[in-house]
Amino acid sequence: MTEAVASVSERMEFEIRGGPWEGIHAFIFYISVTCAVLATLGIMSTFLGISCVVLLFYSMFAIFSSPTYVIVDPTAQEITLEKYHYFIASQRRISREELKGLEVTESPRVPAAEGATSSKRDLSYYVRIYLRRRDGKSLKLFRSGMTGAPAENRIKAFLITQSVSHALDIPVLYTRRGMDKDDTEEGQGEESR
């Protein structure tokens, strides 16, 4: 995900990766790679191997040509969802009145600050940011990936949360998985550190 943290008066743009579209095509990609390898070993027919290579390139094109962007406009107090499928764009606007708030969900164990004791490959740490709407739907703005150190992912999540909550003036609910509801902290645009 690419983020642009700006001042409150400027537009911000986030690229979101993931979701059902990308998940389905990633599954097609891995199945076609497996079938192509089996075809080169002689286990499957050559025709099936060629069709799997075609599916392989199709899935790569479908993932590459289908990003989703979230554009936050603080002056209009709205969010624009710009989705692409095969480079064909569709837009949907969500006004401030439709938004309930941001929800930041973090793993129970917080990563150590950067330095000698911090881990660069701690896969047990995750952080996700959801934009909650009043109608019950939600939009995932950020999720920590397997690349990047946990401390870097935490800083990115904090900057995105702070920027979006200040730009749209919406509350932030901070939760940790594995903790009771009583242990959650609610703030106005900032997470506790």
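Every value quoted in this text rests on a predicted model; they were computed, and no experiment measured them.

### With respect to the pairing of strand S6 (residues 127–133)
The buried fraction of S6 is high, at 5 of 7 residues. Across 7 bridges, the pairing between strand S5 (residues 99–106) and S6 is antiparallel. From the neighbouring strand, Glu103 faces S6, where its bridge partner is Tyr130. Sheet topology places S6 next to strand S7 (residues 138–143); 5 bridges connect them, and they run antiparallel. Counterpart to Ile129 in the pairing with S7 is Phe142.

### A few points about the packing of aromatic side chains
Two measures describe an aromatic ring pair: the distance that separates the ring centres and the angle between the ring planes. In this structure the tally under the stated criterion is 7 aromatic pairs. Both rings, one in Phe61 and one in Tyr86, keep their centres 6.2 Å apart while their planes meet at 15°; by these two values the pair is stacked. Of the two residues, Phe61 sits in helix H2 (residues 46–64) while Tyr86 sits in the loop between strand S3 (78–85) and strand S4 (88–95), which places them 25 residues apart along the sequence. The partly exposed category is assigned to Phe61, whose relative accessible area is 37%. Centroid distance Phe64 to Phe87: 6.0 Å. Interplanar angle 80°. Geometry classified as edge-to-face. Of this pair, Phe64 sits in helix H2 while Phe87 is found in the loop between S3 and S4, placing the two residues 23 residues apart along the sequence. For Phe64, a relative accessible area of 58% translates into the label exposed. An aromatic cluster of three or more residues is present, and its members are Trp21, Tyr58, Phe61, Phe64, Tyr86 and Phe87. Directly above the aromatic system of Tyr130 lies the positively charged group of Arg132, at a separation of 4.7 Å from the ring centroid.

### Considering the nonpolar core
One recurring pattern in soluble globular proteins: nonpolar side chains tend to sit buried together. Ranked by size, the top nonpolar core spans 26 residues in total, and within it Val70, Val72, Leu141 and Val164 carry the most contacts. Taken together, the elements giving at least two residues each to this core come down to strand S1 (12–16), strand S2 (68–73), S3, S5, S6, S7, helix H3 (150–168) and strand S8 (172–176). Top element by residues in this core is H3. It accounts for 5 residues. Apart from residues no more than four positions distant in its own chain, Val72 is found in contact with Glu10, Arg11, Met12, Phe14, Glu78, Ile79, Val164, Ala167 and Leu168.

### Examining the environment of Lys83
As for its position among the elements, Lys83 is in strand S3. Distance in space between the C-alpha atoms of Lys83 and Ser66 is 7.1 Å, their sequence separation being 17 residues. Apart from residues no more than four positions distant in its own chain, Lys83 is found in contact with Pro67, Thr68, Ile88, Ala89 and Ser90.

Criteria and thresholds
Residues numbered from 1 in each chain as written. Predicted model: local features only at pLDDT ≥ 70, side-chain atom pairs only at ≥ 80, totals over all residues. Heavy atoms only, no water. Buried < 20%, exposed > 50% of the residue type's maximum accessible area, 1.4 Å probe, protein only. Helix = DSSP H or I, 4+ residues; strand = E, 2+ residues; numbered from the N terminus. Pairing = 2+ DSSP bridges. Phe/Tyr/Trp six-rings, centres within 6.5 Å; stacked < 30°, edge-to-face > 60°. Lys NZ or Arg CZ within 6 Å of the ring centre and 35° of its normal. Core = buried A, V, L, I, M, F, W, Y, C linked by side-chain atoms within 4.5 Å. Contact = heavy atoms within 4.5 Å.

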